[in-house]
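Structural overview for review
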Amino acid sequence: MPDYKPQDLDKKWQQRWTSTHAFEASVDPSRPKFYCLEMFAYPSGHAHVGHVRNYIIGDVMARMKRMAGYNVLHPFGWDAFGLPAENAAIKNGIHPEVSTRGNIAHMKGQLQRLGISYDWTRELATCDAEYYKWNQWLFIRMFEKGLAYRRRSSVNWCPSCNTVLANEQVVDGGCWRCGSAVETRDLEQWFFRITAYADELLDDTASLTGWPEKVLTMQRNWIGRSEGARVSFAVDGGEAGAAERIEVFTTRIDTIFGATFVLLGPEHPLVARLADRSPDPAALKKQAQAFRLQDRAARISGDIEKQGFDTGARAINPFTGETVPIWVANFVLGEYGTGAVMAVPAHDQRDFEFARKYDLPVRVVVTADGQPAAADGLTEAAPAYGTLVGSGEYSGLPSEEAQRRMAAAAAQRGIGEATVQYRLKDWGISRQRYWGTPIPMIYCEKDGIVPVPDDQLPVELPVVTEFTGRGDSPLAQVPEFVNVRCPRCGEPARRETDTMDTFVDSSWYFYRFADPRNSERAFDPAAVKYWLPVDFYSGGVEHAILHLIYSRFFARVFRDLGMVEHDEPFAQLLTQGMVLKDGNVMSKSKGNVVDPDTMLEKFGADALRLYVMSVAPPEKEVEWTDTGLAGSFRFLARVWRLVDHWNETVGGEGIESPDRCESLNAAEKALRRKTHDTIRRVTADIEQRQQLNTAVSALIELVNELYAFSEKTLTGAPGRRAEEDVDHVGEVERKETICVIREAVEVLIRMVSPFAPHIAEELWELIGYEGGLATAVWPAYDAEVAKAEEIVVPVQVNGKVRGRLTVSAEAAEDELERLALADAAVQTHLAGKTVKKVVVARGRLVSIVVQ
C-alpha cells in the first residue's frame, strides 16, 4: 500500500459522501432519532480553527450515533443578518447581501474540506426571504396575543452621525465611527414580552439535567427572581415635588429604618427633572451621562469603582418620616428593578462602600443578639438576618416576622406591597438598521398599528445601494417601501422601518431545520414532533444567557400556539472552550489566527480533527500548537501502517469470531481484553461523558497494544515505512491470533472513524468492506472479556503512595486490606506507628492512616 497521503483521501471520500447522499436524513418512525446540532455560524469571512472546534465536536457525536443505529439529523446553516455586514457596507462600499453570500460560500467550503457530516440539503440562511418570512409571521402571532408590543425606550445616539448605535458600537463612551460623545434618547421600540414566561423559564431549569450547572446558574441569575416588597419614597420638594415618588424594590424591608439615602440609576427618568431644579443642571446631566456610558457588564456585576453624586434633592423615608438625600450611583441600572435603591449601608456591602466613600450616614438596625451595635465600628456590612433594633414598633422582632408586618403595613398605608421582582426584562427587538428582518407592521392615522396580512408576507428587504450610517434606518430612505396603503381602510399609511434583532433569527432556526423547504408553514408539526427536542446542542458559553433564554422562550410560544408539544428545545448542552494561540483567543486583531486551510494542505483533515479533539476536554480552553498537530498526523500514519501490515493476514472472509476460539494464549487474551475495554471506554467517553480527549487516548493505547502484540507475534512488526512492512510481514498460522487481530483492527477502524473519517473509510474498504462506515455498526463490548483479571492497586500511608499491590480484579475489600498491611514496602512505613484507620476504595486505592 502507498504511503499515507491524507489530501488524496480527503478529496476521494468527500466526493463519495456527496454522491451517495451519505448524511441526508428523513423522518423514519421505525428508528430512534438523534438530532445533533452546533450553534450555526455567523458568516464573517474565513473560519479559523477556534471556530471549527465546535463543529468537529458535533460531528464526532453525529458519526458515532449513526453507527450506533440512530437516524441522525445533523444540519447546518448561517446566522446571516447582522450589524457587521452593514458596517462593512458603510466602510467598504460592499453591499451586505454580496459580502454575506461570498462569506457563506467560503466558509461552507472550509467545513466541507473538514469532512463534517452535514445534511447540506437542509442548509438555510436567515437572510433568505423564505426564512425570515416566518420571523414576520411569528411576530404577528405574538402581536395578536399581546406578546409583541411597542413603547418608548432609551437608545444610544451619536449627534454627529445622527444615528442610533448598538451597545457594541459605543467605545469608551464615544461613537465607533467618529468618536463623538454618545447621548441617550428615548425612541419608540418594539418588545417581546418574555417576562410573561419568567417563572416558567426559571422553574424549568430544574428539568435541564443535560445542561452544565454553570449555564443553569447564569440563566437563573439573569432571570433573577426576588421576593420582597415595593415601597414608595416621596420626593421632598414642597408643592413642586409632592406628586413625585421614588419606587424601590427591596428584599430586606426589615432594614428600612436604616435607609439613610436613596440611589437612582443614571437612566432613571427622575434624574433629568431633579437636575433641572438644581443650581447647575448641565453639570448634573453631564455626570449622569458619563455614568450611563461606563462599561455595562461591570455596572451589572458591580465590579466597578463605585461613583455617585448628590442631586441636592431629598426624599422622605416612609417608615421613619426622615428626609434622606437622593444620589445618583453608577452601579444602579435604570432597567433593573425600579432603577432606584433604598440604601442601607449597615446591611448591604455595596451601600456600605458607597457610604464610607462619600461620608454618608450608617445606621445599624439589625443585630444578631438584639443589642445595638456601633455603626462607627463596622468594617463591612452585616447582611445577615437577626433581631431588629432602632426600628420603632418593630424593634425586637426577628427579621422574617418584621418583613411580613412591614409589607402589610405598607400596603395598608398605600405606600407599597409585598411582591416578586425579576431581573429579566422584556426583550427589545427593534434595530434602526438595514440588514435584518423588516418588522411587518403598518402605521395608519385611522386604524393605528396594523399587521401586514399573512398573504402579503414576506415583507422583503428593498435594495438599498447607499449606506451612510446616518439618520434613520436605511429603510426609511426608500419611499416605495415606506409608503403603503392601510390593509384595513385602504388609506395612505407607512411601514415600520426598524428591523428585528438578529437574536430573533437564531431563536427558532433549529425548528426550521426539521422542515426547511416548507413554503406553507414555518414547519410541519409532525416533523418537529419526530426530530425535536435537539438531543445534543453545542456552542460557545458566551451564548449561555441571551440566545438560550430566547430560544427557550420561543419554544414556549410555539407550544402555546399549538405548534409543538414540548417545553424545552435542547435536551443536552455542551459549551466548548475556546482555542487560544499565544495565550489569547484567536482573532484577526491580535494576529494570532490559525487558518484551517493551511493546516489541511499540510496535514490533512483527519489530523486537524483528531488534534483538536485530543488536546483537552471539549469544555476546556486549549492552546494551539503546530507540534501537537504533527503528533496527530504521526499517530494516523501509525494506524495506516498497522492496518497495512496486517491486511493480507486478516483480510478476506472465513475468519472466525474470537468468541468461537477456545484456546487463546495469554497474549491473545490480553489483546482481546484491551480491545473490548477500549470499546467500553470510547463508547462511554463519547456517548455519556463527552470527554472526547480521553476517547482518543484510549484509541492510542489500543494502537500501542497492537504494535506490542505484533512485536511478540512476528519477527517483522509494523515499521516506519509501508514498503518495509510489506517485506517483513511474516506468516501467522494460529487461527486464534488471526481472530483476535482481525477483531482488534476492525474495532480500531470503526472507533477512529468519528474522529478521522477519511482514513477510516479507506482502511475499512481496504480490509474488504463495502458500503462505507456510515452504515457500519458501532462495536459492542463483552463485559466479561473487558474485565481485567489482575489490577494494580496503590497503597497510601498518610496520603503518600508507599506500595502497589498486583491482585485479582475480584479481590474483596478485606483481602485488599490484609495484603496492604502485609506488604513489605508498606510495613517499613508502619514500623513503630499505630494504624488508626484503613480505607479501601475497591479497585482503586488502599489508604492507611497511622499515628
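The structure displayed is predicted, hence computed values, not measured ones.

1. Notes on the pairing of strand β14 (residues 323-329)
Judged by how many residues are buried, β14 sits mostly within the fold: six of seven residues are covered. Linking strand β13 (residues 308-316) to β14, which pair antiparallel, is a turn of six residues; within it Gly 321 sits at a positive phi near 80°.

2. Examining helix α2 (residues 49-67)
Between the first and last C-alpha of α2 there are 27 Å, a value that for 19 residues agrees with the 27 Å anticipated at 1.5 Å per step. Of all the 19 residues making up α2, 18 are buried; the element is thus mostly covered by neighbouring parts of the structure. Looking one or two residues beyond α2, the residue adopting positive phi is Gly 69, at roughly 100°.

3. Brief notes about the environment of Lys 446
Among the secondary structure elements, Lys 446 is positioned in the loop between β21 (441-444) and β22 (448-451). Given the relative accessible area of 65%, Lys 446 is considered exposed. Sequence separation between Lys 446 and Leu 706 is 260 residues; the distance between their C-alpha atoms is 82 Å.

4. Quick word on helix α22 (residues 666-688)
With 23 residues, α22 should reach 33 Å at 1.5 Å per residue; the first-to-last C-alpha distance of 32 Å fits that figure. A distance of 3.2 Å separates the backbone nitrogen of Ala 667 from a side-chain oxygen at the start of α22, and that oxygen is part of Asn 665. The first or second residue beyond α22 is Gln 690, which carries a positive phi of 50°.

5. Considering the pattern of salt bridges
Once the charged atoms of two side chains with opposite charge are near each other, the side chains can pair. Summed over the entire model, instances satisfying the criterion amount to 51 salt bridges. Between Arg 559 and Glu 200 there is a salt bridge whose closest N-O contact spans 2.4 Å. Placement of the pair is Arg 559 in helix α18 (residues 546-560) and Glu 200 in helix α6 (residues 198-203), with a sequence separation of 359 residues. Judged by its relative accessible area of 22%, Glu 200 falls in the partly exposed class.

6. Some details on the state of the cysteines
Scanning all chains against the criterion turns up zero disulfides. For Cys 444, which is in no disulfide, the shortest distance to another cysteine sulfur is to Cys 489 and amounts to 3.6 Å. Owing to a relative accessible area of 7%, Cys 444 belongs among the buried residues under this scheme.

Calculation rules
- Residues numbered from 1 in each chain as written.
- Predicted model: local features only at pLDDT ≥ 70, side-chain atom pairs only at ≥ 80, totals over all residues.
- Heavy atoms only, no water.
- Buried < 20%, exposed > 50% of the residue type's maximum accessible area, 1.4 Å probe, protein only.
- Helix = DSSP H or I, 4+ residues; strand = E, 2+ residues; numbered from the N terminus.
- Pairing = 2+ DSSP bridges.
- Expected span 1.5 Å × (residues − 1).
- Polar contact = N/O pair within 3.5 Å; in protein donor to acceptor, adjacent residues only side chain to side chain.
- Salt bridge = Lys/Arg side-chain N within 4 Å of Asp/Glu carboxyl O.
- Disulfide = S-S within 2.5 Å.

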